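# Report on the structure
Listed below are the residues making up each chain.
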Amino acid sequence: MQADLLFPPRIDSFPEPQAAMLPFYLLTLAATIQAQSQRLPGSCNFESDTCGYTSDADLTSWSLNTDGRFVSVDAALSNDQQADTDAETGPRTEIAGALLSPVVEQAEWSCLRLVYQISGKGSLEVLQRTEGKSFDKPLWSSQASSDSWVISSMDLQNGTEPFRVVIEGKPGRSAGSSVAIFEIHISSGYCLECDFEGSHLCGYSNWWNANVNWYVGGGGGQLLHNNIQSDHKYHKTGHMMYVDSIYAKTFSEVATLVSPMTTVPMSGCLSFQYQRSESSSNLFVVYARDQLGQYQELWRADRETQSGAFVEWTPAQVDLKAPYSVQVVFEVSFNSARGGRVAVDDISFSPEFCSKDTEPTFDPSIASCDFEAGFCRYIQHQGVLSSWRRVSVKPNIFRNGDHTTGAGYFLLSHSQLSPRSGYVSRLMGPTLPGNMKYCLRFCYSLRGFNQTDQALAVYLQQQQQSSSQEKIWTQGENSRGFWITTDVTFQTSQPAKLVFVSTCRGFWECGSAALDDINVSLGDCEQTAGVLSMSLPGHCDFEAGLCGYAQDKQSDDADWQRRRGPPPTSYTGPRGDHTTGLGHYLHMEASSMLPGQRVRLLSRPLRGSKGPQCLHFYYHMYGSGTGQLGIRLRTDGAEALLWQLSGEQSIAWLRATVEYHSDSQHQIVFEATRGSSVRSDIAIDDIILEGGPCPEMEIKATVGSSNKIE
């Protein structure tokens, strides 16, 4: 969650009654001084210098404002910078500046808070850089512009390796665009934790209401209309948050205090202190709110009959399970101006659950399977007329292989050659706990079905009622034999199992149904898609563009084309992308080129590493005149061949894995060469660059009686 701040920073999200303004600012100053002593290495307020932060020499420099207080990178380039070109990649297409922190050695969990502003168009990204690794770990990013300073929080998980904080600012090229940073604050503990003593209130924000709002209270001054006792921890000198019903004018007035959004998976015990008066006339509830705005109630205060002044501080605890990003929401509802008051202080978090009886966060991966090593935890339902078969297809130019590698295993349900005139195939997964939201992703391929609505369906079967089934997804249209990835969000109140069902009523309706790469995760599919993209810094599926890859304008004869769907030339190229079957991929269109001409794609410059690096990608080489695809390592202008393949390979997308070593800055080059005829298109998709050695065992197809999809 982001809370707007003015310059110099003050918390406009927490309005104070006018009579309390002067003491509030004096107290804020004292709190700021106290907070200075709690800063960890890597923090900086840019008062007079950059605290050891430096600009990446290969990019646009960040500049310290002449009066101090903030650093910025903007679109106002000098004439020399505007004319700057790269001898190998051509003119720079964007302005980018990277700010590097000193080395940070922080073994315990800590929180980084960033006060920033994006003016006009631009983007800001925070990453974590570890020595010896080619790729930075993304922590947070934003493209939202603002007229004032904004605060954002991100958790830094505990680890043993020193790291640097990398802040990448990319202002747009339009006049007035800039990215500025006012303060970087690193403190120990979780970003959810707050005692409300710091000037930025730990990133907590009040959602403005015309009548009732959360205020900063305490500090030894008597605030108007509150009668609040002392702060829980520091007593008369400390601060807390409070809300008062005195200004409530309508029925069910609501005041909402919101934490920063978590940025990493978390589970444990959330604790806080609260005071409450007139509890019969107000409702105090704590929720978890996800990025889609969906709420889950965590805790509710008892409706005890109390009146008059506040009682003593009362501790409260609640178990929080957040495998995806959430905010903690403190919400108080009043029915009248006599609804009393509520105060909150000393919010803390522990990775241990509040109760020993709390079950650990469920690992949904037990319901995921790519069928390379068997059926995993899926079983065939007894008593059905037909069964799912685990098969593989040798790469060929007639039938698709599996989705995982193009040459591995997948499940196949019945075929037109079955002796039965009608059949049902049922595949049942492991039990999933109830009262949870799940995202199911899987790949399917339908071939030969005659528009039946039962070609493939997914049901939820309640564990205690085997006859009770709920259909959550179905598909009957022919997918023309290529893999399509789909997802469905579902929730069940009781423990349940996923059941994949393929039905054929009669011989003339039947075809083949294939299933692969089942993946189950916690949360809504819209949320988990974002988490996946953030977790793979070297990943590109070309859905949103080239991900920092660039066409080689100096050494190629044409460009890679970003395409969706089949190419214009028949009997060559893919019918869809590898990622979903309906998305984008990069493609060399041979019909507009001459034999021997090349297209080349360059990765962004990559840091060297002491250990091995691993490149995964998918390629498509189908067509009678297919030429050549090669992977090259480019270092200091020289290139070395890492991998190469020539000629027609398969009608399917195939996975390639390339391991290489480079201890200096380098680039990866994807080079495709046009073959002898127009039927020589080449395509690539789903590139992943990661540190560490490649997996030792690659899946190899086995040839046998079940190696065809009929």
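Residues numbered from 1 in each chain as written. Predicted model: local features only at pLDDT ≥ 70, side-chain atom pairs only at ≥ 80, totals over all residues. Heavy atoms only, no water.

## Structural notes on the overall build of the protein chain
Applied cut-off: Counting from the N terminus, the helices are the DSSP runs of H or I reaching at least four residues and the strands are the DSSP runs of E reaching at least two. Summary of the burial criterion: residues with accessible area below 20% of their type's maximum are buried, those above 50% are exposed, and those between are partly exposed, where the area comes from a 1.4 Å probe applied to protein chains only. Contact between two residues is taken to exist if any of their heavy atoms lie within 4.5 Å; hydrogens are not considered. We get accessible surface area from the Shrake-Rupley algorithm with a probe of 1.4 Å; when it comes to residues, only the shown protein chains can shield them.
The secondary structure content of the protein chain amounts to three helices and 44 strands. A burial count over the protein chain gives 54% of its 710 residues as buried. A fraction of 80% describes how many contacts in the protein chain between residues 6 or more apart in sequence connect residues 24 or more apart. Counting only carbon and sulfur atoms, one obtains 49% of the accessible surface of the protein chain, whose full area is about 31,300 Å².

## Points about the pairing of strand E28 (residues 436–447)
Selection criterion: Note on pairing: DSSP must find at least two bridges between two strands before they are called paired.
Among the 12 residues in E28, nine count as buried, and that is most of the element. Note: E28 against strand E31 (residues 484–492), nine bridges, orientation antiparallel. Looking at E31, one finds that methionine 436 is bridged to threonine 492. Summarising the sheet, E28 and strand E33 (residues 512–522) pair through nine bridges and their orientation is antiparallel. The residue of E33 that forms the bridge with tyrosine 444 is leucine 515.

## Digging into the state of the cysteines
We count it as follows: Count a disulfide wherever a pair of cysteine sulfur atoms falls within 2.5 Å.
With the rule as written, the count across this model stands at eight disulfides. With a sulfur-sulfur separation of 2.0 Å, cysteine 269 is cross-linked through a disulfide to cysteine 354. On the sign convention where negative is left-handed, the bridge of cysteine 269 and cysteine 354, at about 100 degrees about the S-S bond, is right-handed. Of this pair, cysteine 269 sits in strand E18 (residues 266–276) while cysteine 354 sits in the loop between strand E23 (341–350) and strand E24 (379–380); the two residues are 85 residues apart in sequence, bridging distant segments of the chain.

## Some words on the nonpolar core
This is how the line gets drawn: Take the buried Ala, Val, Leu, Ile, Met, Phe, Trp, Tyr and Cys residues and link them wherever side-chain atoms come within 4.5 Å; each set so joined is a nonpolar core.
Ranked by internal contacts, the top residues of the largest apolar core, which has 41 residues, are Tyr204, Trp214, Phe272, Phe284, Trp299 and Phe330. When residues in this core are grouped by element, the largest group, five residues, is from strand E22 (residues 326–334). Core analysis: the second largest hydrophobic core is formed by 32 residues, Phe362, Trp388, Leu432 and Ile484 among them.

## Some points on the pattern of salt bridges
For the record, the criterion: In the sections that follow, a salt bridge refers to a side-chain nitrogen of Lys or Arg positioned within 4 Å of a carboxyl oxygen of Asp or Glu.
Taken as a whole and assessed by the stated rule, the structure comprises 14 salt bridges. For glutamate 47, the salt bridge goes to arginine 69, with nearest N and O atoms at 2.1 Å. Of this pair, glutamate 47 sits in the loop between helix H1 (21–36) and strand E2 (54–55) while arginine 69 sits in the loop between strand E3 (63–64) and strand E4 (71–74), placing them 22 residues apart in sequence. When its relative accessible area of 43% is taken as the criterion, glutamate 47 is described as partly exposed. Within this structure, Asp552, Arg598, Arg600, Arg632, Arg634, Glu639 and Glu671 form a network of salt bridges that share partners.

## Structural notes on the sheet that holds strand E7 (residues 97–100)
In spatial order, the strands read E2-E7-E12-E9-E10; together these five strands make up an open sheet with antiparallel pairing. Edge positions in the sheet fall to E2 and strand E10 (137–142), since each of these pairs with one other strand and no more. Two elements, strand E9 (residues 122–130) and strand E12 (residues 163–171), share nine bridges in a ladder whose sense is antiparallel. Bridged to glutamine 128 within E12 is valine 165.

## Some thoughts on empty space enclosed by the protein
Regions of empty space are outlined by a rolling probe, equal in size to a water molecule, passed over the atoms. Selection criterion: With a 1 Å grid laid over protein atoms only, a set of points is called a cavity when a 1.4 Å probe fits there but cannot get out and a pocket when it is open yet has protein on both sides within 12 Å along at least five of seven lines; lining residues have an atom within 4 Å of a point. Grid points are joined across faces, edges and corners, and a volume is the space filled by probe spheres set on the points. Each residue is assigned to one class: nonpolar for Ala, Val, Leu, Ile, Met, Phe, Trp, Tyr, Cys and Pro, charged for Asp, Glu, Lys and Arg, and polar for all the others, Gly among them.
Taken as a whole, this structure holds five cavities of 30 Å³ or more when the rule is applied. The wall of the largest cavity is formed by 15 residues, among which Asn400, Phe482, Trp483, Gly576 and Trp653 lie closest to the centre. Tallied by class, the residues present in the lining of the largest cavity amount to six nonpolar, six polar and three charged.

## Concerning unusual backbone geometry
Phi angles above zero are rare outside glycine, and aspartate 346 is one such case at about 50 degrees. Structurally, aspartate 346 is set in strand E23. Taking relative accessible area as the criterion, aspartate 346 reaches 12% and is therefore assigned buried.

## Comments concerning the environment of aspartate 663
Along the chain, aspartate 663 falls in the loop between strand E42 (654–660) and strand E43 (667–673). Sequence spacing of aspartate 663 and serine 609 is 54 residues, and the spatial spacing of their C-alpha atoms is 4.7 Å. Every residue in contact with aspartate 663, bar those within four places of it in the chain, is listed here: Gly608 and Ser609.

## Considering the sheet that holds E24
Sheet architecture is open: five strands sit in the order E24-E27-E32-E29-E30, paired in antiparallel fashion. Across the chains shown, the open sheet's two edge strands, defined by having one partner strand only, are E24 and strand E30 (469–475). Bridge analysis of strand E29 (residues 456–462) against E30 gives six bridges, and the strand direction is antiparallel. Residue leucine 460 lies in a different strand from E30, and its bridge partner there is glutamate 470.

## Describing the packing of aromatic side chains
Put simply, the rule is: For Phe, Tyr and Trp, rings pair up if their centres lie within 6.5 Å, where Trp contributes its six-membered ring, and each pair is then called stacked (planes under 30 degrees apart), edge-to-face (over 60) or tilted (otherwise).
Counted by the stated rule, this structure contains 32 aromatic pairs. Pairing phenylalanine 362 with tyrosine 438 gives two aromatic rings, centres 6.3 Å apart and planes at 85 degrees, and the pair type is edge-to-face. Linking phenylalanine 362 in the loop between E23 and E24 with tyrosine 438 in strand E28, this pair joins segments that are 76 residues apart in sequence. Centroid distance phenylalanine 442 to tyrosine 444: 6.3 Å. Interplanar angle 50 degrees. Geometry classified as tilted.

## A closer look at the environment of serine 387
Structurally, serine 387 can be placed in the loop between E24 and strand E25 (388–392). Under the relative-accessibility criterion, serine 387 is labelled partly exposed at 37%.

## A short note on the environment of arginine 129
The condition is simple: Any N or O atom pair separated by 3.5 Å or less is treated as a polar contact, with the protein-specific requirement of one donor-capable and one acceptor-capable atom, and with residues adjacent in sequence counted only for side-chain atom pairs.
Note on placement: arginine 129 falls in strand E9. On the basis of relative accessible area, arginine 129 is assigned to the buried category, the value being 17%. On a C-alpha basis, the gap between arginine 129 and serine 101 in space is 9.7 Å, while along the polypeptide they are 28 residues apart. Look past the residues within four positions of arginine 129 in its chain and what remains in contact with it is Leu100, Asp136, Phe163, Arg164, Val166 and Arg607. At a separation of 3.0 Å, a polar atom in the side chain of arginine 129 contacts the side chain of aspartate 136.

## Digging into the confidence of the model for the protein chain
Quick note on the threshold: pLDDT measures how confident the predictor is about each residue, on a scale from 0 to 100.
The pLDDT averaged across the protein chain works out to 82; a share of 80% of its residues lies at or above 70. A low-confidence stretch, residues 1–37 (pLDDT under 50), is modelled with 89 contacts involving residues beyond four sequence positions or located in other chains. In the predicted structure, residues 698–710 sits below a pLDDT of 50 and forms 33 contacts with residues beyond four places in sequence or in another chain.

## Comments concerning the side chain of threonine 256
Of note, threonine 256 is situated in strand E17 (residues 253–258). Accessibility expressed as a relative area gives 7% for threonine 256, which makes it buried. Excluding residues within four positions of it along the chain, threonine 256 makes contact with Ser205, Asn206, Trp207, Trp214, Val329, Phe330 and Glu331.

## What to know about the side chain of serine 413
With respect to the helices and strands, the residue serine 413 is situated in strand E26 (residues 409–413). Looking at serine 413, the relative accessible area reads 0%, which means it is buried. There is a polar contact of 2.8 Å between the side chain of serine 413 and the side chain of serine 425. When near neighbours in sequence (up to four residues on either side) are disregarded, serine 413 contacts Ser387, Trp388, Ser425, Ser502, Gly511, Ser512 and Ala513.

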